[in-house]
Amino acid sequence: MGLFYEKALRPIFFRMDPELAHDRACAAMRLLSSMRGVCSGMARYNQNYIKPVKLFGLDFPNRVGLAAGMDKNGEFPNAAAAFGFGHVEIGTVTPAAQPGNPRPRLFRFPDEGAVVNRMGFNNHGSEAIAERLVRTFPRGKRLIPLGVNIGKGKATSLEQAVEDYLLCFRRLASQADYFTINVSSPNTSGLRDLQSAEYLDHLLQSLQVENTKLAKKLGHAPHPLLLKIAPDLNYREIDFVLEKLLQHAFSGIVATNTTIERPGGIGAEEKGGLSGLPLQAKSTAIINYIHKATGGRLPIIGVGGVDSVESAGAKLDAGAQLVQIYTSWIYRGPFHAATLARALKTREEDWI
Ligand SMILES: Cc1cc2nc3c(=O)[nH]c(=O)nc-3n(C[C@H](O)[C@H](O)[C@H](O)COP(=O)(O)O)c2cc1C
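The following refers to the structure shown. Quantities reported herein were computed from a predicted structural model and do not represent experimental measurements.

The rules we used
- Residues numbered from 1 in each chain as written.
- Predicted model: local features only at pLDDT ≥ 70, side-chain atom pairs only at ≥ 80, totals over all residues.
- Buried ≥ 20, exposed ≤ 12 C-beta atoms within 10 Å, placed from the backbone.
- Helix = DSSP H or I, 4+ residues; strand = E, 2+ residues; numbered from the N terminus.
- Pairing = 2+ DSSP bridges.
- Arc of directions from axis to C-beta.
- Axes fitted to C-alpha atoms, helices over the stretch in contact; angles between N-to-C directions.
- Expected span 1.5 Å × (residues − 1).
- Parallel < 35°, antiparallel > 145°, perpendicular 65-115°, else oblique.
- Left-handed = near helix turned anticlockwise from the far one by under 90°.
- Contact = placed C-beta atoms within 7 Å.
- Nonpolar A, V, L, I, M, F, W, Y, C, P; charged D, E, K, R; others polar.
- Core = buried A, V, L, I, M, F, W, Y, C linked by C-beta atoms within 7 Å.

Describing the pairing of strand E7 (residues 146–150)
Thinking step 1. In terms of residue burial, E7 counts as a mostly covered element, since 5 of its 5 residues are buried.
Thinking step 2. Judged by which residues are buried, E7 turns out to be covered on both faces: Leu146, Val148 and Ile150 on one side and Gly147 and Asn149 on the other are all buried.
Thinking step 3. Across 5 bridges, strand E4 (residues 87–93) lies against E7 in parallel orientation. Within E7, the position partnered with Glu89 by the bridge is Gly147.
Thinking step 4. Note that E7 and strand E8 (residues 178–182) share 4 bridges and pair parallel. When the bridges of E8 are listed, Asn149 appears paired with Thr180.

Okay, structure coming up:
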């Protein structure tokens, strides 16, 4: 199937403007997602190949998830499950709907297996997305866990940012299986400063206090909270982030978002975040560092340039428990997640 996509479908998609191709793919995913019976049948078929993982109290049918940014509005989690993803992270969701940056804002670099984007958190807003999830992907009837990745609105100052995260948290808490706090997109001005000493402590503490309060009120366990970091932090900055995550009892870390660096000059002509193969080694090195620095106490979702069983395996060997993909799905097609999950299972069995 992968070969069919690469030989027959990809050339058609790649003749289109990248965002138009993305919109068409999303439309197809939405259509499939609306056929719930078909999705559960496909998901069950794909789950014949996979190996469950228990992490932060959740059951993940396999180790390969869909990274944030593909399903920004929670429109096709059923289809993601159908294509063999073991979890889906929707968003980034901001409090209110916003259009994102002007187009063009998405660029492919096929020879390098890379993409540059400067989307700027285009999304339907927390209220509409929460309402959609209740209707189409209700808790208790899910085939895979749902992560909700949240961020601040474009116009919100860094001083007010905490309120945006809290608002998204409250609005989506009844639907999220876990939350990822995104402080690492390069496409919302100043957002990455939230990783610094000036803002991070207050942000993490406020969210965890709110999380505990809500859990007590509703009589359930607190939500797993994760933080998604940039690959452009230095090791001193990463140490600070790790200290704060452990201090505030965060459940894990998503490493990493896209990079603003341009290794080998790839994508240098476009502003934004670079993803795909040029990010692979860097994100793996960061995962390795986090794992060693925390003695494995902080679960890691590894993301950045995962395109094969070898690159997924390298992230797991470095200390990640789960991996996510985005860019390789564009290059390898819809069956890539199932292929990877199956290959990872075989790899684990070979180790035993
Ligand atoms: C077009 C595009 C949009 C993205 N949007 C988001 C986003 O809204 N929030 C987020 O946390 N990450 C976003 N990402 C980053 C991915 O989730 C992922 O961290 C990054 O692309 C590295 O993984 P990859 O090399 O498998 O693509 C986006 C990536 C791409 C390519």
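What to know about helix H3 (residues 36–46)
Thinking step 1. All of the buried residues along H3 are Cys39, Met42, Ala43 and Asn46. The buried residues of H3 occupy one face: seen down the axis, they fall within an arc of 100°. For H3, the exposed residues lying more than 90 degrees away from the buried face are Gly37, Gly41, Arg44 and Tyr45.

Describing unusual backbone geometry
Thinking step 1. Between Gly91 and Thr92 the backbone carries a cis peptide bond, its omega angle lying at 15°.
Thinking step 2. A cis amide bond links Arg103 with the next residue in sequence, Pro104, at an omega value of 0°.
Thinking step 3. Residue placement: Pro104 occurs in the loop between E4 and strand E5 (106–109).
Thinking step 4. Here Phe56, not a glycine, exhibits a phi torsion of approximately 35°, which is positive.
Thinking step 5. With respect to the element layout, Phe56 can be found in the loop between strand E1 (53–55) and strand E2 (58–60).

As for the sheet that holds strand E11 (residues 273–276)
Thinking step 1. Read from one edge to the other, the open sheet built from 3 strands follows the order E5-E6-E11, with strand pairing classed as antiparallel. A strand with exactly one partner marks an edge of an open sheet, and here the two such strands are E5 and E11. Taking each pair of neighbouring strands and ignoring which way they run, the sheet shows an average axis angle of 20°.
Thinking step 2. Across 4 bridges, E5 lies against strand E6 (residues 114–117) in antiparallel orientation.

A few points about helix H1 (residues 2–15)
Thinking step 1. Compared with the 20 Å implied by 1.5 Å per residue over 14 residues, the 19 Å span of H1 between its first and last C-alpha is a close match.
Thinking step 2. H1 sits mainly on the outside: 0 of its 14 residues count as buried.

A few points about the packing of helix H7 (residues 200–218) against helix H8 (residues 235–247)
A pair of packed helices is captured by two measures, namely the crossing angle of their axes and the spacing between those axes.
Thinking step 1. Between H7 and H8, whose axes approach to 10 Å, the crossing angle comes to 25°. Here H7 lies roughly parallel to H8, going by the angle between them. Helix-helix and strand crossings are classified by hand; for H7 and H8 the assignment is right-handed. Here Leu200, Asp201 and Leu204 of H7 come into contact with H8, specifically with Val241, Lys244 and Leu245.
Thinking step 2. Classifying every residue of the contact of H7 with H8 gives 4 nonpolar, no polar and 2 charged.

Concerning the nonpolar core
Nonpolar side chains in soluble globular proteins tend to end up buried together.
Thinking step 1. Formed by 89 residues in total, the largest nonpolar core has its most connected members in Leu226 and Ile253.
Thinking step 2. For this core, the element with the highest residue contribution is helix H6 (residues 161–172), accounting for 6 residues.
Thinking step 3. Once residues within four sequence positions are removed from consideration, Ile253 is found in contact with Leu226, Leu227, Ile229, Leu245, Ile290, Leu298 and Ile300.

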